[in-house]
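This is what each chain is made of:
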Amino acid sequence: MELTKRQEKILEIVKAEGPITGEQIAEKLKLTRATLRPDLAILTMAGLLDARPRVGYFYSGKTTNQLLGEHIRNLSVRDYKSLPVVVREETSIYDAICTMFLEDVGSLIVTKNEGQLVGVVSRKDLLQAAMGKQELRSMPVGVIMTRMPNIVTCTPDDTLYYAAVQMMRHEVDSLPVVRPFQDRPQEMEVVGRISKTTLVKAFVELGQP
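So, how was this worked out
Residues numbered from 1 in each chain as written. Predicted model: local features only at pLDDT ≥ 70, side-chain atom pairs only at ≥ 80, totals over all residues. Heavy atoms only, no water. Core = buried A, V, L, I, M, F, W, Y, C linked by side-chain atoms within 4.5 Å. Buried < 20%, exposed > 50% of the residue type's maximum accessible area, 1.4 Å probe, protein only. Helix = DSSP H or I, 4+ residues; strand = E, 2+ residues; numbered from the N terminus. Contact = heavy atoms within 4.5 Å. Salt bridge = Lys/Arg side-chain N within 4 Å of Asp/Glu carboxyl O. Arc of directions from axis to C-beta. Phe/Tyr/Trp six-rings, centres within 6.5 Å; stacked < 30°, edge-to-face > 60°. Lys NZ or Arg CZ within 6 Å of the ring centre and 35° of its normal. Axes fitted to C-alpha atoms, helices over the stretch in contact; angles between N-to-C directions. Parallel < 35°, antiparallel > 145°, perpendicular 65-115°, else oblique. Left-handed = near helix turned anticlockwise from the far one by under 90°. Nonpolar A, V, L, I, M, F, W, Y, C, P; charged D, E, K, R; others polar.

## Details of the nonpolar core
Line of reasoning, step 1. Counting 15 residues, the largest nonpolar core has Ile93, Leu108, Val110, Val121, Leu126 and Val141 as the members making the most contacts within it.
Line of reasoning, step 2. Counting residues per element, this core draws most heavily on helix H6 (residues 93-103), at three residues.
Line of reasoning, step 3. When near neighbours in sequence (up to four residues on either side) are disregarded, Val141 contacts Val87, Arg88, Glu89, Thr91, Ser92, Ile93, Ala96 and Val110.
Line of reasoning, step 4. Ile13, Val14, Ile25 and Leu36 belong to the second-largest nonpolar core, a separate cluster that totals 14 residues.

Quick look at the structure:
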């Protein structure tokens with residue numbers, strides 16, 4: 001968050017003399033209370049200042065980096081997940097390669113029945129298969145995919161920060177977003193996808209004025 005010079009001056013005054021009323025701040029800046037109202041509202045909503053009735057404004061003690069970090073850690077997977085790109089276990093490796101190319105993704109989620117997660121096939125998996133002597137049109141992706149329970153996932157209720165940490169820790173490009181079936185809690189239904197592109201989009205949004 002980039003502050004104006006007047007907002008920076010307000011912060012300096014509150015740091016030095018808070019708690020202090022809006023009228024007192026306006027007097028020190030030789031401005032009217034109405035002129036300062038938008039700046040005080042922005043600083044308060046941003047979390048840089050706290051305000052209490054009949055007490056005034058005081059500095060929250062948090063830096064803009066700390067506040068940005070808190071905001072990032074509160075972003076929800078639910079709000080940023082994209083549609084999953086899925087194939088079935090019996091899908092041929094050739095068709096999986098075509099799907100990956102057409103959808104421009106780094107991995108495909110493998111499902112069965114009602115969207116039950118059974119595996120993930122990566123670009124590396126498909127490349128290794130293509131370099132071998134296998135018949136790509138007849139061999140199913142189920143032969144080369146990573147199977148449950150060896151798949152890193154996240155849920156809609158997880159934070160985007162958690163998803164990013166999981167991707168870094170396990171060195172993967174994306175995570176299936178899953179939730180348990182109501183009648184089969186041991187099985188996971190695929191409801192979305194979080195990728196590195198998702199994280200970049202969220203980061204760009206945070207930087208927009």
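## Let's talk about the pattern of salt bridges
Pairing between side chains becomes possible if they bear opposite charge and their charged atoms approach one another.
Line of reasoning, step 1. Overall, the coordinates contain eleven salt bridges when judged by the stated rule.
Line of reasoning, step 2. Its salt-bridge partner being Lys196, residue Asp173 comes within 3.3 Å of it at the nearest N-O pair. Note that Asp173 is positioned in the loop between helix H8 (160-170) and strand E7 (174-180) and Lys196 in helix H9 (residues 196-207), a separation of 23 residues in sequence.
Line of reasoning, step 3. Given a relative accessible area of 39%, Asp173 falls into the partly exposed group.

## Description of H8
Line of reasoning, step 1. Taken together, the buried positions of H8 are occupied by Leu160, Ala163, Ala164, Gln166 and Met167. Viewed end-on, H8 has its buried residues packed into an arc of 160 degrees, placing them on one side of the element. Exposed residues lying more than 90 degrees from the buried face of H8 are Met168 and Arg169.

## A closer look at the packing of aromatic side chains
Line of reasoning, step 1. Enumeration over the complete set of coordinates arrives at zero aromatic pairs.
Line of reasoning, step 2. A cation sits over an aromatic face here: Arg137 above Tyr94, 3.8 Å from the ring centre.
Line of reasoning, step 3. Above the ring of Phe181, the side-chain terminus of Arg184 is found at 4.3 Å from the ring centroid.

## Here we look at the packing of helix H1 (residues 5-17) against helix H2 (residues 22-29)
Line of reasoning, step 1. Look at H1 against H2: their axes get within 11 Å of each other, and the N-to-C directions meet at 120 degrees. On the basis of the axis angle, H1 is oblique to H2. As for the relative orientation of H1 and H2, their crossing is right-handed in sense. Where H1 abuts H2, its residues Arg6, Lys9, Ile10, Ile13, Val14 and Glu17 lie against Ile25, Lys28 and Leu29.
Line of reasoning, step 2. Class assignment for the residues of the contact of H1 with H2 results in five nonpolar, no polar and four charged.

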